[in-house]
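Descriptive analysis of the structure
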Amino acid sequence: LTYHAMRFSFVAVICLLATGGSTSAVESWLRSAEEETSTGGGKIWAVLVAGSSGFTNYRHQADVCHLYQVLTKKHGIPRDQVIVMMMNDIAYNVRNPYPGIIVNALHGHDVYEGTMIDYMQ
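Below is a short write-up of the structure. (Residues numbered from 1 in each chain as written. Predicted model: local features only at pLDDT ≥ 70, side-chain atom pairs only at ≥ 80, totals over all residues. Heavy atoms only, no water.)

1. Some thoughts on the environment of His-109
Positionally, His-109 belongs in the segment after β3 (82-86). Note on His-109: relative accessible area 57%, which makes it exposed. Linking His-109 and His-66, residues 43 residues apart in sequence, is a C-alpha distance of 9.7 Å. Look past the residues within four positions of His-109 in its chain and what remains in contact with it is Ile-102 and Val-103. (Helix = DSSP H or I, 4+ residues; strand = E, 2+ residues; numbered from the N terminus. Buried < 20%, exposed > 50% of the residue type's maximum accessible area, 1.4 Å probe, protein only. Contact = heavy atoms within 4.5 Å.)

Dropping the structure here:
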């Protein structure tokens, strides 16, 4: 099958995270994907993975939670088209000064609330 015959787009957010991709790079890619899928009748799917564990790797899980919020709330991608995999060991970590809350920016808002994690340890 060719890309067009499959009629869906896949969000390459894992690559953007791994290479330090900025939010503006993700937003730019999403606008392009939304435009293409709206004319071609496809869907945007995403697989978000934070493969590290422990509080010292806080930013990895925080970035995944943030991208989940951007995809589902800002861009309206249905929840069932976003797969999230992460350890889920920082929100209630004893080192977290705000139990149950994850932020991805200084003085930022909670990006953990509402994040549906499909696969965790």
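2. Topic: the nonpolar core
Within the largest apolar cluster, 26 residues are counted, with the highest numbers of intra-cluster contacts made by Leu-48, Leu-71, Val-82, Val-84, Met-86, Ile-102 and Tyr-112. The contacts of Tyr-112, once residues within four sequence positions are left out, are Cys-65, Met-86, Asn-88, Ala-91, Tyr-92, Gly-100, Ile-102 and Ile-117. (Core = buried A, V, L, I, M, F, W, Y, C linked by side-chain atoms within 4.5 Å.)

3. Examining helix α4 (residues 58-74)
The terminal C-alpha atoms of α4 lie 23 Å apart, and with 17 residues this matches the ideal 24 Å at 1.5 Å per residue to within 8%. The element α4 is extensively covered by neighbouring structure, given that twelve of its 17 residues are classed as buried. Positive phi appears at Gly-76, one or two residues downstream of α4, with a value of about 70°. (Expected span 1.5 Å × (residues − 1).)

4. As for the pairing of strand β2 (residues 44-50)
Extensive coverage of β2 is indicated by the burial of five of its seven residues. As paired elements, β2 and β3 share five bridges and run parallel to each other. Residue pairing in the sheet places Val-49 in a bridge with Met-85 of β3. (Pairing = 2+ DSSP bridges.)

5. Quick notes on unusual backbone geometry
One non-glycine residue, Asn-88, lies in the positive phi region at around 60°. Position of Asn-88 among the secondary structure elements: in the segment after β3. The exposure class assigned to Asn-88 is partly exposed, which follows from its relative accessible area of 22%. The phi dihedral of His-107 is positive, around 65°, even though this residue is not glycine. As for its placement among the helices and strands, His-107 is situated in the segment after β3.

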